[in-house]
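# Descriptive structure summary
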Amino acid sequence: MKGLFPNEVHLNLPDSDIVYYPDFLERSEADSHFDLLYKETPWQQDHISLFGKRYAQPRLTALYGNNGKPYSYSNLVMLPHSYTESLLKIKNKVEAQSGTSFTSCLLNLYRNGRDSNGWHTDNEKELGKHPIIASVSLGQERFFHLKHRTDKSLKQKLLLQHGSLLLMKGPTQEAWLHQIPKTAKPIGARINLTFRIIA
Ligand SMILES: O=C(O)CCC(=O)C(=O)O
Ligand SMILES: [Fe+2]
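Note that the structure is a prediction, hence the values are computed from the model and not measured.

### Focus on the pairing of strand 13 (residues 164-169)
Taking burial as the measure, the six residues of strand 13 include five buried ones, the bulk of the element. The pairing of strand 2 (residues 17-21) with strand 13 spans five bridges and is classified as antiparallel. From the neighbouring strand, Y20 faces strand 13, where its bridge partner is L166.

Here it is in structure tokens:
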């Protein structure tokens, strides 16, 4: 299907289906969503356990959903809040663009360059095989890194801009890892929303 938005970039990496829409949201719309979500979201600090040690996650999170289903990853179980007006507006737009209905949305707040999201893949059981993940970025632009799991020569860097949408589907989560690396630069806050189908 041809997108509704003229500017769409197909990454064309092997074993993946990744499309980037740099100007998915208008500037003013993206600005107001950022301000509202920053203020109204009940941001939580979670901890993950690695080899028996407890670490604060290097970012704040919140889960929203329309089916009450929890989301579990890294020994952590998140329970969903009910969608707010502003999240539903974004959700409707993402669904129109992707032709997909999502149940859940995981929000990440990267407060500054020390906040990050380490190498991982979104392959949790409750997402099913070949999950579609729609990722909206607001605020400070940050680099998104991709690396192939088996062919070490395959990597990609992408700057995720304010108001952009990144769609990952097909075998992407099976074959690729992704991360948001830390940066030493003094930078502002970024909010990321990943819409998912949690069965
Ligand atoms: O912040 C991002 O762009 C990526 C977030 C992510 O990979 C995740 O929450 O699984
Ligand atoms: Fe992810």
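### Re the sheet that holds strand 5 (residues 60-65)
Ordered in space as 1-2-13-10-15-8-5, the seven strands form an open sheet in which the pairing is antiparallel. Both outer strands of the open sheet, strand 1 (9-10) and strand 5, are each paired with one neighbouring strand and no more. Where helix 1 (residues 27-40) meets the sheet, its contacts fall on strand 10 (133-139) and strand 15 (190-196), and the angle it forms with strand 10 comes to roughly 90 degrees. Against the sheet, helix 2 (residues 85-98) touches strand 5, strand 8 (104-110), strand 10, strand 13 and strand 15, its axis set at about 130 degrees to strand 10.

### As for the site of ligand 1
By nearness alone, every residue bordering ligand 1 is listed as L106, N108, N117, D122, S135, F144, L160, H178, I180, N192 and T194. Elements with a contribution of two residues or more to the shell around ligand 1: strand 8, strand 14 (176-180) and strand 15. Here the shell around ligand 1 is composed, by residue class, of four nonpolar, six polar and one charged.

### Describing the nonpolar core
By size, the foremost hydrophobic cluster in this structure holds 36 residues, and its most contacted members are C105, L107, A134, V136, L165, I191 and L193. Contributing elements (two or more residues each) for this core: strand 2, helix 1, strand 5, helix 2, strand 8, strand 10, strand 13 and strand 15. Among the elements that take part in this core, strand 8 stands out by supplying five residues, more than any other. With residues up to four places along the chain from it excluded, the contact list for L107 reads T41, T61, A62, I191 and L193.

Conventions we followed
Residues numbered from 1 in each chain as written. Chains lettered and ligands numbered in written order. Predicted model: local features only at pLDDT ≥ 70, side-chain atom pairs only at ≥ 80, totals over all residues. Buried ≥ 20, exposed ≤ 12 C-beta atoms within 10 Å, placed from the backbone. Helix = DSSP H or I, 4+ residues; strand = E, 2+ residues; numbered from the N terminus. Pairing = 2+ DSSP bridges. Contact = placed C-beta atoms within 7 Å. Axes fitted to C-alpha atoms, helices over the stretch in contact; angles between N-to-C directions. Near = placed C-beta within 6 Å. Nonpolar A, V, L, I, M, F, W, Y, C, P; charged D, E, K, R; others polar. Core = buried A, V, L, I, M, F, W, Y, C linked by C-beta atoms within 7 Å.

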